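What follows is the residue order along each chain.
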Amino acid sequence: MGQARKEYWELTVIDSVVENAKGLTSSVAGDIDGDGRVEVVVGGVGVLFWYRPKTLEEGTIDTDVTIYVGMALQDLDVDGHPGLVVGYTTEGSVLVWYKPERGDWQLHCIGESAGDWPHGTLIAPVLPGGGLAPIATYHSANSGQADYPEIFEIPADPAAGPWKKRTIAPLIYNEMRKTPSRESGGVQMFESLKEALQNSEIL
């Protein structure tokens, strides 16, 4: 028998110094311009930008942002190009949609949210007929606070905000992340969220 094949990951440093960034907290990858090449979108405190690892190109989307955790790429208006859904904090919590148009990024407000600050954004086919909808969760949903997970309904014209939203269920959780661990109770939170969706009027 021959030797077992070893697999290696290749490390590429895209940028060692990011101007104006006070912290990088969230990232997502996808083809944002339809050229068949994957870009990486990175956000944090004071910066939201994209990189194209294949060619080392880069570009700025926004600099007036405070993003903790929560970005998702999705073609919301079905024009063949994915937009970027981001939850960030200003004087409150806001969910927004950045749409790439002619080399620039247009900002559209999805709506204000009830949470302390967004801590997870997911777009999933949870509406009747498999319709997509963004689900936003927040940093902390403790007893007596109104920062429970919310679902936003995509309108016929996604640029026409604010979108209709509703609370999914009064689920109690803390420091929710998109990839939960059993030790943190995250798996239980996701199971509760799934059950709440199944039992709600949304489906």
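Keep in mind it's a predicted model, so treat the numbers as computed, not measured.

## Section: the overall build of the protein
Then, in step 1: Summing up its helical and strand segments, the protein has one helix and 14 strands in all.
Then, in step 2: Within the span of the protein, comprising 203 residues, buried residues form 42% of the whole.
Then, in step 3: Contacts in the protein between residues far apart in sequence, at least 24 positions, make up 38% of those at least 6 positions apart.
Then, in step 4: Total accessible area computed for the protein in this model is approximately 11,800 Å², and 50% of it derives from carbon and sulfur atoms.

## Quick word on the pairing of strand E8 (residues 104–113)
Then, in step 1: Sheet topology note: the strand E7 (residues 93–101)/E8 ladder contains nine bridges and is antiparallel. From the neighbouring strand, Val 96 faces E8, where its bridge partner is Cys 109.
Then, in step 2: The hairpin formed by E7 and E8 contains two residues between the paired strands, and Arg 102 there has a positive phi angle of roughly 50°.

## Thoughts on the pairing of strand E9 (residues 118–127)
Then, in step 1: E9 sits mainly inside the fold: eight of its ten residues count as buried.
Then, in step 2: As paired elements, E9 and strand E10 (residues 131–138) share eight bridges and run antiparallel to each other. What sits directly across from Leu 127, in E10, is Gly 131.
Then, in step 3: Connecting the antiparallel pair E9 and E10 is a turn made up of three residues, with Gly 129 showing a positive phi of about 75°.

## Some points on the side chain of His 108
Then, in step 1: Looking at where His 108 falls in the secondary structure, it is placed in strand E8.
Then, in step 2: Accessibility expressed as a relative area gives 18% for His 108, which makes it buried.
Then, in step 3: Setting aside its immediate chain neighbours within four residues, His 108 contacts Val 96, Trp 97, Lys 99 and Ala 159.

## Here's the deal with the sheet that holds strand E5 (residues 71–74)
Paired through their backbone hydrogen bonds, the strands of a sheet run either parallel or antiparallel.
Then, in step 1: Strand order in this open sheet of four strands is E5-E6-E7-E8, and the pairing throughout is antiparallel. Two strands bound the open sheet, and with one partner strand each, they are E5 and E8. Adjacent strand axes in the sheet meet at a mean angle of 25°, parallel and antiparallel pairs treated alike.
Then, in step 2: Note that E5 and strand E6 (residues 83–89) share four bridges and pair antiparallel. Bridging across to E6, Met 71 finds its partner in Val 86.

## Quick notes on the nonpolar core
Then, in step 1: Among the nonpolar cores identified, the biggest contains 17 residues, and Val 41, Leu 48, Ile 61, Leu 84, Val 86 and Tyr 98 are the most heavily contacted of them.
Then, in step 2: Mapped onto this core, the elements with two or more residues apiece are strand E3 (48–52), E5, E6 and E7.
Then, in step 3: With sequence-adjacent residues up to four places away left out, Leu 84 is seen in contact with Val 28, Val 41, Leu 48, Ile 61, Met 71, Ala 72, Leu 73, Val 96, Trp 97, Tyr 98 and Trp 105.

## Looking at the sheet that holds strand E13 (residues 165–167)
Then, in step 1: Taken in spatial order, the four strands of this open sheet run E9-E10-E12-E13, and their pairing is antiparallel. Two strands close off the open sheet at either side, each with one partner strand: E9 and E13. Ignoring which end each strand starts from, the neighbouring axes of this sheet average 25° apart.
Then, in step 2: As judged from the two bridges shared by E10 and strand E12 (residues 150–152), these two strands associate in the antiparallel manner. Paired with Ile 135 across the two strands is Ile 151, which belongs to E12.

Reading the values: rules and limits
Residues numbered from 1 in each chain as written. Predicted model: local features only at pLDDT ≥ 70, side-chain atom pairs only at ≥ 80, totals over all residues. Heavy atoms only, no water. Helix = DSSP H or I, 4+ residues; strand = E, 2+ residues; numbered from the N terminus. Buried < 20%, exposed > 50% of the residue type's maximum accessible area, 1.4 Å probe, protein only. Contact = heavy atoms within 4.5 Å. Areas by Shrake-Rupley, 256 points an atom, 1.4 Å probe, with all protein chains shown as cover. Pairing = 2+ DSSP bridges. Axes fitted to C-alpha atoms, helices over the stretch in contact; angles between N-to-C directions. Core = buried A, V, L, I, M, F, W, Y, C linked by side-chain atoms within 4.5 Å.

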